[in-house]
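# Fold and contact review
Below are the chains, spelled out letter by letter.
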Amino acid sequence: MAELLTAAQMRAIEEAAITSGEVSGLELMERAGAGVVDAVLETWPDLGGGAPKAVVLCGPGNNGGDGFVIARRLHERGWTVEVWLYGDPARLPPDARTNYERWRELGPVRPYRDEGPGAFWLEPSDYREDTVLFDALFGTGLTRPVEAFNAVGWATQLSEWRLPEEMRRGAYPAVRVVAVDLPSGLCADSGRRLQSDPPPGDVEEIVADLTVTFHARKLGHVLAEGPSFCGRVVVAPIGLEPRRRALGGREQRVTEVTAPAGLDKAASAHKYAHGHALVVSGGFGRTGAARLAARAALRVGAGLVTLAAPGAAQMEIAGQITALMLRRAESGDELAGLLEDPRLTALCLGPGLGLERARDLVPPALEASRGTVLDADALTAFEDAPEELFGMLHEACVLTPHAGEFARLFPDLAERLKQPAVSGPAASRVDVTREAARRAGCVVLLKGPDTVIAAPDGQSALNAGVGPRAAPWLATAGAGDVLGGLVCGLMARGFTAFDAACAGAWLHVEAARAFGPGLIAEDLPEALPQVLRQLGA
Ligand SMILES: NC(=O)C1=CN([C@@H]2O[C@H](COP(=O)(O)OP(=O)(O)OC[C@H]3O[C@@H](n4cnc5c(N)ncnc54)[C@H](O)[C@@H]3O)[C@@H](O)[C@H]2O)[C@@H](O)CC1
Ligand SMILES: Nc1ncnc2c1ncn2[C@@H]1O[C@H](COP(=O)(O)OP(=O)(O)O)[C@@H](O)[C@H]1O
Ligand SMILES: [K+]
């Protein structure tokens, strides 16, 4: 499982390596610059042969230091290199200063000073089709918003340069933009843009085609707005050991969800060995969501799946299902009666349930202490009394809110994400999900392209439906119901709440990617067999 790092963890790893004497800061900076150059040539082989032009924008810290290394290495390769510095050379940190001096032996550094609108403007005629612009302004050290020069100068120009031909108003060539470590302005821990409050007007952002980061990806490459600013993300190894101790305790670490294990079925096992899931349906005319969840639970391998529905909805469901079973649960008491069967190993409540029915059925469902997924209406029903819900939850529960449902149960946490990110590290989706899990006393899975999963003990994971795993077709009605069914089915099979949430989220994205464009929620369970086959299940 790959760890996604915060800026502080990256610094701790680097410091531990330097303190142990295994490497110097200057060596790390050299490897970082070399890694960027390698990634550029690997991404765009057409730049390998000729004599392209590089414009390197260096900032006042070590990110700028990487920029001077890149400049020197490209100069050695025969590129034409133009270097700009935002900041005072005398105040550069030592390693960056050394690389500044080395570059000065090869070429000039043009100063950029923040003197307001119009202070900095490059002539478009200076730039060619093979120009690569390197953003080495700020990396993991960014702690406050990038001020006016970004709004009115560089970033505006950078963004315009990379627009497609038809949108560039004919003025600029298609310059390629490479972000060193992170696109400047992006918070490494949250993937949010640091902005003053109120944000300056007319802000354009640095949007990179390629981001080259070092040792491991940072959370900001994956969370929130990160993926839309980073372009392709390449990790350049710079010879650092994993150094798990530098990462801190489990409540500080975030792993990226990877392909789950344990999905195969033993040849000799009978259906009850794979558990029995119960999905509670809404009333007449509202059974579709629960049917989707139930089918997903069955496809992910639960041995049996039963839908529990009120009498008036039975005919509607019976006409639609075959392998699924159907039982009557009109009221909380009837559900409690069904749950006396100890073979029922996991429950799913919420999709299409209706608020009134949710208030009636959630308490007996939680009383039964089985693996339980609560989604949609089962969450919204407690909007006025989240504490009442939290008092009933137990550690085999998984809450699967989308952002709106999350805000109903955890309004103060949702508000933290809505506040402008004025200083770094800014509140992130990981921070708030962790806090929500602690408060709820169970696993919380906050849905989105960057789905975050957290347990009350602080363990957390991120399932990225972004970048190379982008699954935009998941933004379709009913996709969330399928996810609830997957997590329930996996818990029925014996997965822990946290593992079921991680595996469910991973399979959900893979199923969407396997089906591709045109996906609707019904297709997701049907795409699972090929995903499972590829996993060797
Ligand atoms: N940590 C590591 O292991 C390595 C780090 N390296 C590079 O070093 C970078 C981190 O360097 P630093 O910690 O020096 O930080 P940065 O270079 O990201 O920026 C910090 C500097 O910018 C200033 N600053 C921050 N926000 C500002 C704002 N809004 N406006 C104006 N100035 C602002 C700070 O006062 C400081 O001088 C990484 O992103 C990476 O590029 C690499 O050289 C290789 C190894
Ligand atoms: N752009 C996207 N990329 C990847 N996954 C997405 C995207 N948009 C939504 N999803 C996923 O699709 C599901 C949508 O669930 P939800 O919001 O509950 O919708 P519904 O209630 O219609 O089922 C979630 O699992 C979410 O993570
Ligand atoms: K940068």
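These figures come from a predicted structure and were not determined experimentally. (Residues numbered from 1 in each chain as written. Chains lettered and ligands numbered in written order. Predicted model: local features only at pLDDT ≥ 70, side-chain atom pairs only at ≥ 80, totals over all residues.)

### Observations concerning the domain arrangement of the protein chain
One frequent convention defines the size of an interface as the accessible area lost when the parts assemble. Domain assignment breaks the protein chain into domain 1 (3-248) and domain 2 (271-534). For domain 1 and domain 2, the distance between their C-alpha centroids amounts to 40 Å. Counting from both sides, the interface comprises 23 residues of domain 1 and, opposite them, 16 residues of domain 2. Residue classes in the side of domain 1 that touches domain 2 are distributed as 13 nonpolar, five polar and five charged. (Domains from an automatic or database assignment. Contact = placed C-beta atoms within 7 Å. Nonpolar A, V, L, I, M, F, W, Y, C, P; charged D, E, K, R; others polar.)

### Brief notes about the nonpolar core
With 167 residues, the main nonpolar core has Val 178, Val 279, Val 280, Ala 297, Val 443 and Cys 488 as its most contacted residues. Ranked by residues supplied to this core, first place goes to helix H19 (residues 497-515) with 13 residues. In terms of domain composition, this core takes at least three residues from each of domain 1 (3-248) and domain 2 (271-534). With sequence-adjacent residues up to four places away left out, Ala 297 is seen in contact with Ala 277, Val 279, Ala 302, Val 305, Cys 348, Gly 485, Cys 488, Gly 489 and Ala 492. (Core = buried A, V, L, I, M, F, W, Y, C linked by C-beta atoms within 7 Å. Buried ≥ 20, exposed ≤ 12 C-beta atoms within 10 Å, placed from the backbone. Helix = DSSP H or I, 4+ residues; strand = E, 2+ residues; numbered from the N terminus.)

### Overview of the sheet that holds strand S15 (residues 397-399)
In any sheet, the strands associate via hydrogen bonds between backbone groups, in a parallel or an antiparallel arrangement. Judged by pairing direction, the sheet is mixed, and its eleven strands sit side by side in the order S1-S9-S18-S17-S16-S15-S14-S13-S10-S11-S12 without closing on themselves. Since the sheet does not close on itself, it has two edges, and those belong to strand S1 (3-4) and strand S12 (325-328), each with one partner. Here two bridges tie S1 to strand S9 (residues 254-256), and the two strands are oriented antiparallel to one another. Directly across from Glu 3, in S9, lies its bridge partner Thr 255. Across the sheet, helix H18 (residues 479-492) touches strand S10 (276-280), strand S13 (344-349), strand S14 (371-374) and S15, and the angle it forms with S13 is around 165°. (Pairing = 2+ DSSP bridges. Axes fitted to C-alpha atoms, helices over the stretch in contact; angles between N-to-C directions.)

### Remarks on the UniProt feature "binding site: K(+)" (unreviewed entry) in the protein chain
With numbering matched to this structure, UniProt assigns "binding site: K(+)" (unreviewed entry) to Asn 63, Asp 135 and Ser 184. Their sequence span is 122 residues, while the largest C-alpha to C-alpha distance among them is just 9.7 Å; these annotated residues converge on one region. Structurally, Asn 63 is set in helix H3 (residues 62-76). Once you skip the residues sitting within four places of it in the chain, Asn 63 turns out to touch Ala 136, Leu 137, Phe 138, Gly 139, Gly 141, Val 180 and Asp 181. On the basis of neighbour count, Ser 184 is assigned to the buried category, with 27 C-beta atoms found within 10 Å. (UniProt positions renumbered as here; feature names shortened; annotations may be inferred.)

### Here's the deal with the site of ligand 1
The environment of ligand 1 is made up of 28 residues, and the closest members are Glu 14, Gly 61, Asn 62, Gly 139 and Gly 141. Looking at the shell around ligand 1, the elements with two or more residues in it are helix H1 (7-19), helix H2 (25-43) and H3. The element best represented in the shell around ligand 1 is H3, accounting for five residues. Partitioning the shell around ligand 1 into residue classes produces 13 nonpolar, ten polar and five charged. (Near = placed C-beta within 6 Å.)

### Quick look at the site of ligand 2
Around ligand 2 sit 17 residues, and of these Pro 449, Gly 465, Leu 474, Ala 475 and Gly 480 come closest. Top contributing element to the shell around ligand 2 by residue count: H18, with four residues. For the shell around ligand 2, the per-class residue count stands at eight nonpolar, seven polar and two charged.

### Quick notes on the confidence of the model for the protein chain
Looking at the protein chain, pLDDT values average 91 and 91% of them are 70 or higher. The least confident element of the protein chain, judged by mean pLDDT, is helix H5 (residues 148-152) at 41; the most confident is S15 at 99. If you check the scores for this complex, the pTM reads 0.94 and the ipTM reads 0.94. (pLDDT = per-residue confidence, 0-100.)

### Re the sheet that holds strand S2 (residues 53-58)
As summarised here, the arrangement of the seven strands in space is S4-S3-S2-S5-S6-S7-S8, forming an open sheet in which the pairing is parallel. On the outer flanks of this sheet lie strand S4 (109-112) and strand S8 (232-236), each paired with one strand and no other. The average angle at which neighbouring strand axes cross in this sheet is 20°, direction not considered. Packing of H3 onto the sheet brings it into contact with S2, strand S3 (80-86), strand S5 (131-136) and strand S6 (176-180), and relative to S2 it is tilted by some 160°.

### Brief notes about the packing of H19 against helix H20 (residues 523-534)
In contact at an axis separation of 8 Å, H19 and H20 are set at 90° when each is read in the N-to-C sense. Classified by the angle their axes make, H19 and H20 are roughly perpendicular. Within the contact between the two elements, H19 uses Leu 507, His 508, Glu 510, Ala 511, Ala 512, Ala 514 and Phe 515 and H20 uses Asp 523, Leu 524, Ala 527, Leu 528, Gln 530 and Val 531. Class assignment for the residues of the contact of H19 with H20 results in nine nonpolar, two polar and two charged. (Parallel < 35°, antiparallel > 145°, perpendicular 65-115°, else oblique.)

### Description of the pairing of S5
Burial analysis of S5 places six of its six residues in the buried class, which makes it a mostly covered element. Across the two faces of S5 the burial is the same, with Thr 131, Leu 133 and Asp 135 and Val 132, Phe 134 and Ala 136 all buried. Two elements, S2 and S5, share six bridges in a ladder whose sense is parallel. Of the residues in S5, the one forming a bridge with Leu 57 is Asp 135. Across four bridges, S5 lies against S6 in parallel orientation.

### So, helix H4 (residues 94-104)
Of all the residues in H4, the buried ones are Asp 95, Ala 96, Asn 99, Tyr 100 and Trp 103. The buried side chains of H4 occupy one side of the element, clustering within an arc of 140° when seen end-on. Exposed and facing more than 90 degrees away from the buried side of H4 are Pro 94 and Glu 101. In this fold, the buried residues of H4 make contact with H2, H3, S3 and S4. (Arc of directions from axis to C-beta.)

### So, the environment of Ala 421
With respect to the helices and strands, the residue Ala 421 is situated in the loop between helix H16 (411-418) and helix H17 (429-440). For Ala 421, a count of 22 C-beta atoms within 10 Å translates into the label buried. Sequence separation of Ala 421 and Val 132 is 289 residues, and the distance between their C-alpha atoms is 30 Å. Non-local contacts of Ala 421, meaning those with residues more than four positions away in its chain, are made with Cys 187, Ser 190, Arg 192, Arg 193, Leu 194, Gln 195 and Ala 426.

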